[in-house]
Amino acid sequence: MQGKPTAAAPRLAALGLWTATLLIGTGTAWAAECGNSAQGFEAWKRDFARQAANAGVDQRGIEALRGATYARSTIAADRNQKSFRYSFDKFMEIRGASVIVAQGRKRLARNAAFYQSLERHYGVPAGVLIAIHGMETGFGRFMGDSSVVSAIVTLTYDCRRSDFFRPHAIGALKLVDRGAITPETRGARHGELGHTQFLPGNALRYGVDGDGDGRVDFYDLADAMASTANYLRAKGWQPGKGYQEGEPNFAVIQEWNAAGVYQKAIAIMAAQIDRD
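In short, a report on the structure. (Residues numbered from 1 in each chain as written. Predicted model: local features only at pLDDT ≥ 70, side-chain atom pairs only at ≥ 80, totals over all residues. Heavy atoms only, no water.)

1. Looking at the overall build of the protein chain
Defined as follows: A run of DSSP states H or I qualifies as a helix once it reaches four residues; a run of E qualifies as a strand once it reaches two. Both are numbered from the N-terminal end. Residue contacts follow a heavy-atom distance rule, with two residues in contact if any of their heavy atoms lie within 4.5 Å. Only the protein chains shown count as cover for residues, and all accessible areas are computed by the Shrake-Rupley method using a 1.4 Å probe.
For the protein chain, the count of helices and strands is 14 helices and 2 strands. Long-range pairs, those at least 24 residues apart, make up 73% of the contacts in the protein chain between residues at least 6 apart in sequence. For the protein chain, the exposed area adds up to about 13400 Å²; of that, 50% sits on carbon and sulfur atoms.

Structure (structure tokens):
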């Protein structure tokens with residue numbers, strides 16, 4: 001647990017030396033450049049360690065940052081997001097919408113009380129949560145094979161969207177501090193984690209202990225579903241209002257994913273799952 005002396009103390013002391021020159025000395029802020037290749041990544045990490053420490057990241061998080069490696073597969077995926085360029089019908093076919101709906105209806109029937117409790121508490125219908133779950137990970141069948149920390153740190157270093165990913169990198173390191181994830185935790189290519197693929201900064205902010213065991217675990221279904229509902233409610237979900245295009249809650253679905261075909265797909269699949 002945090003704060004408890006361990007055999008790792010000498011290693012952490014060495015880590016302190018690694019970051020010390022970034023926190024004291026000249027008094028002049030030095031910012032490493034972003035980059036579009038692995039060259040410069042290690043120098044950038046040393047500077048980002050200073051930023052992370054100033055943002056409240058503690059020793060375990062800084063150590064995870066130190067161990068992060070440049071994620072080439074993440075950069076390749078970020079440059080090649082073809083599915084969001086498809087027509088809506090093609091997107092639905094590629095993503096297996098009919099299977100998601102069929103399996104989603106069965107999941108709702110098997111666990112109706114659980115989803116009813118979430119709707120009572122957050123106001124978000126089961127169909128929306130189940131559609132997101134099916135779309136993101138095939139109902140938990142594949143939650144990713146990339147290091148969450150390395151992926152999100154690489155995207156923050158990469159020049160394409162540094163500002164967008166920076167708070168999520170800080171979030172990932174704070175999740176390591178809390179013990180919610182480890183440097184070995186696996187997720188999607190963009191650092192998303194768990195059943196519904198939360199970006200780490202959102203996981204840190206909106207995570208909910210859905211099963212009452214005292215911790216938030218996005219790889220636990222109850223926690224992931226409750227956290228997803230909490231996120232949507234926090235983004236303005238209006239209980240009892242519609243969620244199709246042109247209805248009040250469609251704007252909240254847009255907060256979950258920026259791609260128009262994805263948003264429309266979730267709304268349509270959710271309605272089909274919710275249909276009596």
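After that view, the rundown keeps rolling.
2. Some details on the pattern of salt bridges
Basically, it comes down to this: The rule for a salt bridge is simple: a side-chain nitrogen of Lys or Arg has to be within 4 Å of a carboxyl oxygen of Asp or Glu. Burial status follows relative accessibility: with a 1.4 Å probe on protein chains alone, a residue under 20% of its type maximum counts as buried, one over 50% as exposed, and anything between as partly exposed.
Applying the stated rule across the entire model yields 9 salt bridges. A salt bridge links Asp47 to Arg50; the shortest N-O distance between them is 3.0 Å. In this pair, Asp47 and Arg50 are both assigned in helix α2 (residues 41-54), 3 residues apart and thus about one turn of the helix distant. When sorted by exposure, Asp47 lands in the same class as Arg50, which is buried. For Arg79, the salt bridge identified is with Asp158, shortest N-O distance 2.9 Å. Of the two residues, Arg79 is situated in the loop between α4 (72-78) and α5 (88-94) and Asp158 in the loop between α9 (148-157) and α10 (162-178); the sequence distance between them amounts to 79 residues.

3. Looking at the state of the cysteines
The condition is simple: When two cysteine sulfur atoms are found within 2.5 Å, that pair is recorded as a disulfide.
For the structure shown, the criterion picks out 1 disulfide. A sulfur-sulfur distance of 2.1 Å marks the disulfide that ties Cys34 to Cys159. Of note, the bridge from Cys34 to Cys159 carries an S-S torsion of about 100 degrees and is right-handed in sense. You can see Cys34 sitting in the loop between α1 (9-23) and α2 and its partner Cys159 sitting in the loop between α9 and α10, a full 125 residues away along the chain.

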